[in-house]
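Each chain, letter by letter, is given below.
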Amino acid sequence: MMRWPLLLLAGLACVLADLPENFEYATNSFVSDFVTSPVYPSQDPLPHVVHSTIIKHLPDQDLTVHLVRLTNPLLHFHVYPSLTGCPGRNRTSDNAQARGCFIAGNAGFFDTHTGACLGHVVSEGHLVQLDAQMHPSLALSRTTQRWAVGYMNEVDIVPQGQNLVYDEVVNGIGWLVREGQPYLNTSQSAEKISQAFVNLFAPRMAAGHDINGQFLMLEVDGLESANLGAKLTVMTELALEYGLYNAINLDGGGSTTVYMEGAVRNRCCDKCAAGHEAEHCPAGWDGACQRAVTTILCIR
Ligand SMILES: *[C@@H]1O[C@H](CO)[C@@H](O)[C@H](O)[C@H]1NC(C)=O
Ligand SMILES: *[C@@H]1O[C@H](CO)[C@@H](O)[C@H](O)[C@H]1NC(C)=O
């Protein structure tokens, strides 16, 4: 992780963020509103991870929850675009194996027709894309050793004429928990999220950090066509119950994937693409496949 100091020594002319030539900042379309807090400071070279599978009994159904805690995210939490960048799609497990991730999860929303990534994407200190949307980012800065969560404009990620502030950034839809308080109601109006999206019983993925700055990934299994899974209100309650201090909702539904040590661990649920039926997930719903997605969360 000597990259930043070395780059800074390399001379100011070439350290400005690697923005595309002629890049123009969008005029801010919203007022930035995000919170920052310290990342757990451990620089241990090995990731410390706990994966738990929890059966949560709710009045209407039993939910299977995968909770992953990475106690030392500073050096070990990453966001990766597809192996061909953005746009582009890979199955979470293929991307994770190629990147050497020990654990991975699907991450940002995307355009299923074009494979375009939605929202900001920064990976290992490299800017993949800036796309300011009134949806929350989850961002980690190794230089300031801080998490940032919330509504971030382009200049919050890369101030004009300066370097990237954050090394890993991905966007979700729905800010579930803000500094320990439920925030879904406020974010639903701020982001203009439909009630249908909130109320959908679906497999879901959320991520964030606890009050000590440790990373948490929270997944709930489900099957939309059978009304199984969690509404966003339930995701918010689970996030609070498991100690997420800031949490955003990531892409869910058929994209929902938890990969760990060579295998998909959640009950994957996407319809197999024509000709790919043989690639169904052994632990998935009958004959279901993993969906190819644009970005992943990776622990390595
Ligand atoms: C990732 O996706 C690209 C584009 O679809 C494909 O060419 C490549 O083979 C995929 N890589 C893996 C490891 O699946
Ligand atoms: C959010 O809104 C719903 C519906 O209006 C309400 O029942 C619930 O109590 C609200 N939650 C919070 C934390 O304000």
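Residues numbered from 1 in each chain as written. Chains lettered and ligands numbered in written order. Predicted model: local features only at pLDDT ≥ 70, side-chain atom pairs only at ≥ 80, totals over all residues.

**Q** Outline the site of ligand 1, listing residues and values.
**A** Taken together, S82, L83, T84, G88, N90, D94 and A98 make up all the residues around ligand 1. Tallied by class, residues from the shell around ligand 1 come to two nonpolar, four polar and one charged. (Near = placed C-beta within 6 Å. Nonpolar A, V, L, I, M, F, W, Y, C, P; charged D, E, K, R; others polar.)

**Q** Report on the sheet that holds strand β6 (residues 103–106), specifying residues and quantitative values.
**A** Within the open sheet, the five strands sit side by side as β4-β20-β6-β17-β18. Their pairing is antiparallel. Lying at the two open borders of the sheet, with one neighbouring strand each, are β4 (77–81) and β18 (263–264). Alignment of β6 against strand β17 (residues 258–260), held across three bridges, turns out to be antiparallel. The partner of A104 across the bridge, within β17, is Y259. Sitting on the sheet, helix α3 (residues 92–99) is in contact with β4, β6, β17, β18 and β20 (295–299), with an inclination near 45 degrees to β20. (Pairing = 2+ DSSP bridges. Helix = DSSP H or I, 4+ residues; strand = E, 2+ residues; numbered from the N terminus. Contact = placed C-beta atoms within 7 Å. Axes fitted to C-alpha atoms, helices over the stretch in contact; angles between N-to-C directions.)

**Q** Requested: an account of the pairing of strand β15 (residues 215–220), with residues and values cited.
**A** In terms of burial, β15 is a largely internal element, six of the six residues being buried. Going residue by residue along β15, you find F215, M217 and E219 tucked away on one face and L216, L218 and V220 tucked away on the opposite face as well. The pairing of strand β14 (residues 204–209) with β15 spans six bridges and is classified as antiparallel. Of the residues in β15, the one forming a bridge with R204 is V220. Between β14 and β15, which pair antiparallel in sequence order, lie five residues; one of them, G213, sits at a positive phi of approximately 85 degrees. (Buried ≥ 20, exposed ≤ 12 C-beta atoms within 10 Å, placed from the backbone.)

**Q** Outline α3, supporting the account with residue identities and numerical values.
**A** Taken as a whole, α3 has its buried residues at T92, S93, N95 and A96. The buried residues of α3 all sit within an arc of 165 degrees when viewed along its axis, so they share a single face. Backbone geometry just after α3 places G100 at a positive phi near 75 degrees. (Arc of directions from axis to C-beta.)

**Q** Please provide a residue-by-residue account of the environment of F30, values included.
**A** With respect to the helices and strands, F30 occurs in the loop between α1 (3–9) and β1 (33–38). Owing to 14 C-beta atoms within 10 Å, F30 belongs among the partly exposed residues under this scheme. As for F30 and N153, which are separated by 123 residues in sequence, their C-alpha atoms are 7.6 Å apart. When residues no more than four places from it in sequence are discounted, the contact partners of F30 are M134 and Y151.

Distances and angles like these do not, on their own, reveal function.
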